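# Secondary and tertiary structure notes
This is what each chain is made of:
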Amino acid sequence: MNWYVVYTKPKWEKKVAERLNEIGIVTYCPLITKESQWSDRKKIINVPLFNSYIFVQIEEKERNRIFEVTGAIRYLFWLGKPAVVKDSEIDSIKSWLSIPEEFEVAVEEWKKGDKIVLEAGPFMSQSAVIHEVKQNQYILILESLGCVLKVNKKEL
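Residues numbered from 1 in each chain as written. Predicted model: local features only at pLDDT ≥ 70, side-chain atom pairs only at ≥ 80, totals over all residues. Heavy atoms only, no water.

### Here we look at the environment of Ser98
Of note, Ser98 is situated in helix H2 (residues 87-98). Separated by 66 residues in the primary sequence, Ser98 and Ile32 have C-alpha atoms spaced 9.9 Å apart. (Helix = DSSP H or I, 4+ residues; strand = E, 2+ residues; numbered from the N terminus.)

This is the structure in structure tokens:
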């Protein structure tokens, strides 16, 4: 059986995973421990590593069963097909998260002002500053070349 990525409602990852487990679907929702600050106290909480995503292991013909659960929106697609995650990749995530004292794991989006180095394309190895973040693209300033570059998020 393949692992697929399911997009969930925001903040519903744990609920959807729990409900899918109840109906017999194998799920994996990687969690990280985080200290959260409230106005009156600090608290240690478990939050999903990937916001709005969980992994499900299900047969191809059974894929529509996930929609029996409230909060499951759709599958993540790659090249026109549901994205399949290898067992080894799931095992790697589990391995990384099993030793949190050695590594701090977080997934963060780029934001305005971040400095990056382009890793591919005609401007490879050029330094850039994120000038603007739009829904499907980044506006980058290449200081060394004195130009502005628009990059679609799927290309990064």
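### Notes on the packing of aromatic side chains
Scanning the entire structure with this criterion turns up five aromatic pairs. For the pair Tyr7 and Tyr53, a centre-to-centre distance of 5.5 Å together with 65 degrees between the ring planes defines the contact as edge-to-face. Here the residue Tyr7 occupies a position in strand E1 (residues 2-8), and Tyr53 occupies one in strand E5 (residues 53-58), the gap between them amounting to 46 residues. On the accessibility criterion, Tyr7 (24% relative accessible area) is partly exposed. When its relative accessible area of 27% is taken as the criterion, Tyr53 is described as partly exposed. Between Phe50 and Phe55, the aromatic rings sit 5.9 Å apart at their centres with planes inclined by 90 degrees, giving edge-to-face as the arrangement. Look at Phe50 and you get partly exposed, because its relative accessible area is 23%. Members of the aromatic cluster, each reached through a chain of ring pairs, are Tyr4, Phe67 and Tyr75. For the cation-ring pair, Arg63 lies above Tyr75, with the distance from its terminal atom to the ring centre recorded as 4.9 Å. (Phe/Tyr/Trp six-rings, centres within 6.5 Å; stacked < 30°, edge-to-face > 60°. Buried < 20%, exposed > 50% of the residue type's maximum accessible area, 1.4 Å probe, protein only. Lys NZ or Arg CZ within 6 Å of the ring centre and 35° of its normal.)

### Here we look at the nonpolar core
The nonpolar side chains of a soluble globular protein tend to be buried with one another. Residues Val6, Leu20, Ile54, Val56, Ile58, Ile66 and Tyr75 are the most contacted members of the largest nonpolar core, which totals 14 residues. Only E1, helix H1 (13-22), E5 and strand E6 (72-75) provide two or more residues apiece to this core. In contact with Ile58, not counting residues within four places along its chain, are Met1, Asn2, Tyr4, Ile25, Arg63, Arg65, Ile66 and Tyr75. Among the nonpolar cores identified, the runner-up in size contains ten residues, and Trp3, Val5, Ile93 and Leu97 belong to it. (Core = buried A, V, L, I, M, F, W, Y, C linked by side-chain atoms within 4.5 Å. Contact = heavy atoms within 4.5 Å.)

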